[in-house]
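Okay, here's what each chain looks like letter by letter:
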Amino acid sequence: MSIKVDTLTKIYGHQKAVDGISFSADTGVLGFLGPNGAGKSTTMKMLTCFIPPTSGAASVCGFDIGQQPLEVKRNIGYLPESNPLYTEMYVKEALGFTAGIHQLHNPQKRIAEVIELTGLGPEQHKKIAQLSKGYRQRVGLAQAILHDPKVLILDEPTSGLDPNQLIGIRQLITDLGKTKTVVLSTHIMQEVEAVCNRVIIINKGEIVANDSLSNIRLANNNKSLEGIFIELTNQIVAK
């Protein structure tokens with residue numbers, strides 16, 4: 001498995017943001033869903049070694065997130081929800097900077113490939129500050145896939161894209177999932193149905209569903225994914 005998570009927990013003060021979750025993921029697109037504050041971004045930050053877990057363990061491509069963070073980062077591409085970018089740089093310049101960090105052997109060839117894949121051709125000679133939100137998302141995605149990682153973790157990758165742009169990026173994510181492990185976090189249920197092989201739903205730090213989309217529907221009377229999501233994440237604990 002490309003990703004293995006074993007009783008992973010993160011506590012901030014008195015708040016348990018992630019509560020002993022376990023799952024694994026291999027080649028394909030995994031939808032990682034949950035309401036705001038459910039623990040999605042915290043989980044992704046732990047898997048990408050941005051923050052340490054309080055307890056539990058996880059590995060990416062066989063490398064432990066606590067013991068081998070540099071190897072994890074070499075094998076992972078991460079597009080965070082905030083999508084931090086050097087806005088004073090030109091698009092192609094920023095990708096060249098990222099290629100230098102990853103020490104790519106033939107950076108210009110790979111940059112050209114990624115610009116083509118993400119549809120950045122018309123904007124490649126503009127400063128990132130001049131780009132629309134949708135094109136900034138494309139730059140973030142381009143940086144995430146530039147070093148051809150085995151695992152991609154994408155937090156709201158289609159935020160700010162118009163309907164035409166959505167089609168292209170969803171197709172790109174689908175194509176990437178044929179050879180890579182892609183963890184996709186999104187609030188757009190149609191997006192999950194369009195590109196994901198499997199779905200995990202997390203609520204209040206705990207996994208409440210983890211299966212193929214067809215099996216999750218079967219277990220919930222063939223309701224829509226949106227209906228299942230609302231039901232699983234709005235359950236009121238009886239007093």
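- The name recorded for the protein chain in an unreviewed UniProt entry is ATP-binding cassette domain-containing protein, from Mucilaginibacter terrenus.
- Of the comments in the UniProt record for the protein chain, the one headed Sequence similarities (unreviewed entry) reads "Belongs to the ABC transporter superfamily."

**Some words on the packing of aromatic side chains**
Here's step 1: For the structure shown, the criterion picks out 3 aromatic pairs.
Here's step 2: Pairing F23 with F32 gives two aromatic rings, centres 5.9 Å apart and planes at 35 degrees, and the pair type is tilted. Assigned by exposure class, F23 and F32 land together as buried.
Here's step 3: Between F50 and Y78, the aromatic rings sit 5.3 Å apart at their centres with planes inclined by 55 degrees, giving tilted as the arrangement. One end of the pair, F50, is in the loop between helix 1 (40-47) and strand 4 (55-60); the other, Y78, is in strand 6 (residues 76-79), and 28 residues separate them in sequence.
Here's step 4: Judged by its relative accessible area of 58%, F50 falls in the exposed class.

**Section: the packing of helix 5 (residues 133-145) against helix 6 (residues 163-176)**
Here's step 1: Two numbers describe how helix 5 lies on helix 6: the axes approach to 12 Å, and their chain directions differ by 10 degrees. Judged on the interaxial angle alone, helix 6 and helix 5 are roughly parallel. For helix 5 against helix 6, the interelement crossing comes out left-handed. Side by side, helix 5 and helix 6 meet where G134, Y135, R138, L141 and I145 of the first sit next to Q165, I169, L172 and L176 of the second.

**Here's the deal with the pairing of strand 2 (residues 15-25)**
Here's step 1: Bridging between strand 1 (residues 3-12) and strand 2 involves 7 bridges; their strand directions are antiparallel. Across the sheet, the residue bridging to Y12 is Q15, located in strand 2.
Here's step 2: Where strand 1 folds back on strand 2, the antiparallel hairpin that results is connected by 2 residues, among which G13 adopts a positive phi of roughly 65 degrees.

**A short note on the nonpolar core**
Here's step 1: Counting 45 residues, the largest nonpolar core has L33, L154 and I173 as the members making the most contacts within it.
Here's step 2: The contacts of L154, once residues within four sequence positions are left out, are M44, L79, L141, I173, V182, V183, L184 and S185.

**Section: helix 6**
Here's step 1: Taking 1.5 Å as the rise per residue, helix 6 with 14 residues should run 20 Å; its terminal C-alpha atoms sit 20 Å apart, in good agreement.
Here's step 2: Those residues of helix 6 lying buried are Q165, L166, I169, R170, L172, I173 and L176. The arc that holds every buried residue of helix 6, seen down its axis, measures 160 degrees, which confines them to one face. When the buried face of helix 6 is taken as reference, the exposed residues oriented beyond 90 degrees from it are P163, N164 and I167.
Here's step 3: Looking at the packing, one finds that the buried side of helix 6 touches strand 3 (28-33), helix 4 (107-118), helix 5, strand 7 (151-155), strand 8 (181-185) and helix 7 (189-195).

**Examining helix 1**
Here's step 1: Counting buried positions over the 8 residues of helix 1 gives 6, a clear majority of the element.
Here's step 2: Buried within helix 1 we find K40, T42, T43, M44, M46 and L47.

**What about unusual backbone geometry?**
Here's step 1: Backbone geometry at T7 places phi at a positive 45 degrees, although glycine is not the residue there.
Here's step 2: Using a relative accessible area of 40% as the deciding quantity, one classes T7 as partly exposed.
Here's step 3: Of note in the backbone geometry, K204 takes a positive phi value of approximately 50 degrees without being a glycine.
Here's step 4: Its place among the elements puts K204 in the loop between strand 9 (198-203) and strand 10 (206-212).
Here's step 5: Owing to a relative accessible area of 62%, K204 belongs among the exposed residues under this scheme.

**A short note on the state of the cysteines**
Put plainly, a disulfide is one covalent bond tying together the sulfur atoms of two cysteines.
Here's step 1: Scanning all chains against the criterion turns up 0 disulfides.
Here's step 2: As a non-bridged cysteine, C61 has C49 as the owner of its nearest cysteine sulfur, 12 Å distant.
Here's step 3: Accessibility expressed as a relative area gives 22% for C61, which makes it partly exposed.
Here's step 4: C196 forms no disulfide, and the closest cysteine sulfur to it belongs to C61, at a distance of 19 Å.

Thresholds, definitions, all that
- Counting restarts for each chain: residues are numbered from 1 in the order of the written sequence.
- Since the coordinates come from a predicted model, pLDDT governs what is reported: local features require at least 70, and pairs of side-chain atoms require 80 or more to be given and counted, while whole-chain, interface and lining totals use all residues.
- Side-chain calculation: all heavy atoms of the structure are included, whereas hydrogens and water are not.
- UniProt positions are given in the numbering used here, feature names are shortened, and annotations may be inferred rather than shown by experiment.
- For this analysis, a ring pair means two rings from Phe, Tyr or Trp (six-membered ring only for Trp) whose centres lie within 6.5 Å, classed as stacked if their planes differ by under 30 degrees, edge-to-face if by over 60, and tilted for the remaining angles.
- Only protein chains enter the accessibility calculation, which uses a 1.4 Å probe; a residue whose area is less than 20% of its type maximum is buried, one above 50% is exposed, and one in between is partly exposed.
- Only DSSP runs of H or I reaching four residues or more are called helices, and only runs of E reaching two or more are called strands; each is numbered from the N terminus.
- The convention used is that axes are lines fitted to C-alpha atoms, helices contributing only their stretch in contact, and that angles between N-to-C directions extend from 0 to 180 degrees.
- An angle below 35 degrees is read as roughly parallel, one above 145 as roughly antiparallel, one from 65 to 115 as roughly perpendicular, and any other as oblique.
- Crossing handedness follows the turn of the near helix against the far one: under a right angle anticlockwise gives a left-handed crossing, and clockwise gives a right-handed one.
- Contacts are assigned to residue pairs that have any heavy atoms within 4.5 Å of one another.
- The pairing criterion is simple: DSSP has to find at least two bridges between the two strands.
- Remark: nonpolar core denotes a set of buried residues (Ala, Val, Leu, Ile, Met, Phe, Trp, Tyr, Cys) joined through side-chain atoms within 4.5 Å.
- Each helix should span, by expectation, one fewer than its residue count multiplied by 1.5 Å.
- Arc definition: it is the arc formed by the directions from the helix axis to the C-beta atoms.
- Disulfide assignment relies on a single distance test, namely cysteine sulfur atoms paired within 2.5 Å.

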